[in-house]
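# A look at the structure
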Amino acid sequence: MYNKMSPKAEDFINHEEILDTLAYAEAHAKDRALQEEILEKGKKMEGLDHREAAVLLVSELPDVRESFRELARAIKKKYYGNRIVLFAPLYLSNYCVNGCVYCPYHKENAHIDRVKLSQEEIEREVVALQDMGHKRLALELGEDPVNNPIEYVLESIRTIYGIKHKNGAIRRVNVNIAATTVENYRKLKEAEIGTYILFQETYHKENYEKLHPKGPKANWAYHTEAMDRAMDGGIDDVGLGVLYGLNSYKYDFIGQLMHAEHLEAYKGVGPHTISVPRIRPADDIDPDAFENGVPDAIFEDIIALIRVAVPYTGMIISTRESMEMRKKALELGVSQISGGSKTSVGGYDEGREEENSAQFDTDDARPLDEVIAWLLELGYLPSFCTACYRAGRTGETFMEEVKNFQIAQFCQPNAIMTLEEYLSDYATASTRALGERRIEEFLDDVERADLREKARENVAKIRAGERDFRF
Ligand code: SF4
Ligand code: SF4
């Protein structure tokens, strides 16, 4: 039976509740009165539940669809202003014992190179990432208790935090590893990770089992309950994600919101981030073999409705998507993007011989500096900020401050100061000139006079050689 307070996956992601929600939504697809009522609730910017959001998702009223997109843009602006946080994925190992049919790292794929980075190789990758200007990483590894044990992950995190190359530093390491035990999550917490990210892929148990025929990941309940265990281990920032295209998007959209509701109700903290990946071509993987491809217009509606339903949660889109799609996603709700990404193991080290070890093809292959210039030209404020978790603003404290718009007052000056670091240390001459001009305008936009003046002083200090200021 559906119960968002239950620790059991089949209760909080209850199949019948999802089917009932879908039937309810479809029965009200032309119900203008109900849809307008839901939009009015959305305008309070405090979120929608999965039933309400599902009604909007299947709405057959074009003006309602346009209205929720408008609302998403307004919420994005209110919560995130024009700031966009940048990060890069770092692939450590593509050894994997699982059989995920949509991923080239699946165990049976014999024509991919299997690569696991040594600590020295990780150092070279991190130096290359620091030289691009990155401060925030997402670690990616396949699941393999022999090749990628937790000790390897912990050692790698220590290595990464320990590398100080020129003015570079990785200040936040987010981790995307397979579902594991409370004890291992505790170790990750002690290693000072930022967010623990685990994509659900699909919430549909039966399809999940078909897509994951082998290996420990085949256990849907263990996978679905992973975020609860992570929180039991002390990690209070967790990131959800569905791989859109694997299963019916309507089903997974509802499941994703139910998961967020469960975490908020049962653990007191909703997801820190929600990622919206779509399936991409890769070695041994043909996306056309999956029947559930999500067209662009629907994908945009999904992004908009996640923004409306969970306004307090950061949304992430990767370089899987094209520049054009990322531009639309930024308007509709995305607050974090990767830039200059390599999706192969060892991909950042230019001295390394090329291997066939990528997880998927990227569509937006522009170098980070081009992405920064593009964001600036679009009017965004690129941010390398990592202040919150370093200041202890995580979990419940973080969420409360986000909901009261208290954190937003720090985000803007922190974004400006970290952008100035990027411009001073890594930007090309043209990006630097563009950024320096825009920084003056961004500073004028800082609401609190004391923070504005302090940020202005700090920008001058950064230009004079000092680093790492934060509020
Ligand atoms: Fe392994 Fe993850 Fe790829 Fe599945 S999706 S095969 S667990 S790396
Ligand atoms: Fe993120 Fe906190 Fe920095 Fe704002 S101040 S960008 S919420 S880390």
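This one's a predicted model, so the numbers in the text were calculated from it and none came from an experiment.

## A closer look at the side chain of Asp 11
If you trace the backbone, Asp 11 turns up in helix α1 (residues 9–12). Salt bridges are absent for the buried Asp 11, whose nearest opposite-charge side chain, Lys 8, sits at 5.2 Å. Those residues in contact with Asp 11 that sit more than four places away from it in its chain are Met 1, Tyr 2, Asn 3 and Ser 6.

## Things to note about empty space enclosed by the protein
Evaluated as defined, the whole model comprises three cavities of 30 Å³ or more. Roughly 470 Å³ of volume is contained in the largest cavity. Around the largest cavity sit 27 residues that line it, and Tyr 80, Val 85, Phe 398, Ile 407 and Cys 411 are the ones nearest its centre. Per-element tally for the lining of the largest cavity: the top contributor is helix α18 (residues 408–425), with four residues. Looking at the lining of the largest cavity residue by residue, the class counts come to 15 nonpolar, eight polar and four charged.

## Focus: the pairing of strand β2 (residues 136–141)
Every other side chain in a regular strand lies on the same face of the sheet, so the side chains alternate between the two faces. For β2, a buried count of six out of six residues is recorded, marking the element as mostly surrounded by other parts of the structure. Going residue by residue along β2, you find Arg 136, Ala 138 and Glu 140 tucked away on one face and Leu 137, Leu 139 and Leu 141 tucked away on the opposite face as well. Here five bridges tie strand β1 (residues 83–93) to β2, and the two strands are oriented parallel to one another. Paired with Tyr 91 across the strands is Glu 140, a residue of β2. Sheet topology places β2 next to strand β3 (residues 172–176); five bridges connect them, and they run parallel. Considered in β3, the bridge of Ala 138 is made with Asn 174.

## Re the side chain of Asn 14
Tracing the backbone through its elements, the reader meets Asn 14 in the loop between α1 and α2 (15–27). The exposure class assigned to Asn 14 is buried, which follows from its relative accessible area of 6%. Engagement of the side chain of Asn 14 in a polar contact is seen with the backbone oxygen of Glu 10, the distance being 3.2 Å. A distance of 3.3 Å separates a polar atom in the side chain of Asn 14 from the backbone nitrogen of Glu 16. Residues in contact with Asn 14, not counting those within four places in the same chain, are Met 1, Tyr 2, Ala 9 and Met 258.

## Things to note about the domain arrangement of the chain
Domain assignment breaks the chain into domain 1 (9–76), domain 2 (81–387) and domain 3 (402–464). Taken residue by residue, the interface counts 32 residues in domain 1 and 37 residues in domain 2. Buried surface at the junction of domain 1 and domain 2, both sides included, amounts to about 2900 Å², of which 71% is carbon and sulfur. It is Phe 12, Leu 57 and Lys 76 that lose the most area in domain 1 upon contact with domain 2, and together they represent 27% of the buried surface on that side. Our enumeration of links across domain 1 and domain 2 arrives at four salt bridges. Between Arg 65 and Asp 301 there is a salt bridge, with the nearest N and O atoms lying 2.7 Å from each other. Our enumeration of links across domain 1 and domain 2 arrives at twelve residue pairs in polar contact (both at pLDDT 80 or more).

Parameters at a glance
- Residues numbered from 1 in each chain as written.
- Chains lettered and ligands numbered in written order.
- Predicted model: local features only at pLDDT ≥ 70, side-chain atom pairs only at ≥ 80, totals over all residues.
- Heavy atoms only, no water.
- Helix = DSSP H or I, 4+ residues; strand = E, 2+ residues; numbered from the N terminus.
- Buried < 20%, exposed > 50% of the residue type's maximum accessible area, 1.4 Å probe, protein only.
- Lys, Arg positive; Asp, Glu negative; His and termini not counted.
- Salt bridge = Lys/Arg side-chain N within 4 Å of Asp/Glu carboxyl O.
- Contact = heavy atoms within 4.5 Å.
- 1 Å grid on protein atoms, 1.4 Å probe; cavity = no way out; pocket = protein on both sides within 12 Å on 5 of 7 lines; lining within 4 Å.
- Points joined across faces, edges and corners; volume = space filled by probe spheres on them.
- Nonpolar A, V, L, I, M, F, W, Y, C, P; charged D, E, K, R; others polar.
- Pairing = 2+ DSSP bridges.
- Polar contact = N/O pair within 3.5 Å; in protein donor to acceptor, adjacent residues only side chain to side chain.
- Domains from an automatic or database assignment.
- Buried area = accessible area lost by both parts, 1.4 Å probe.

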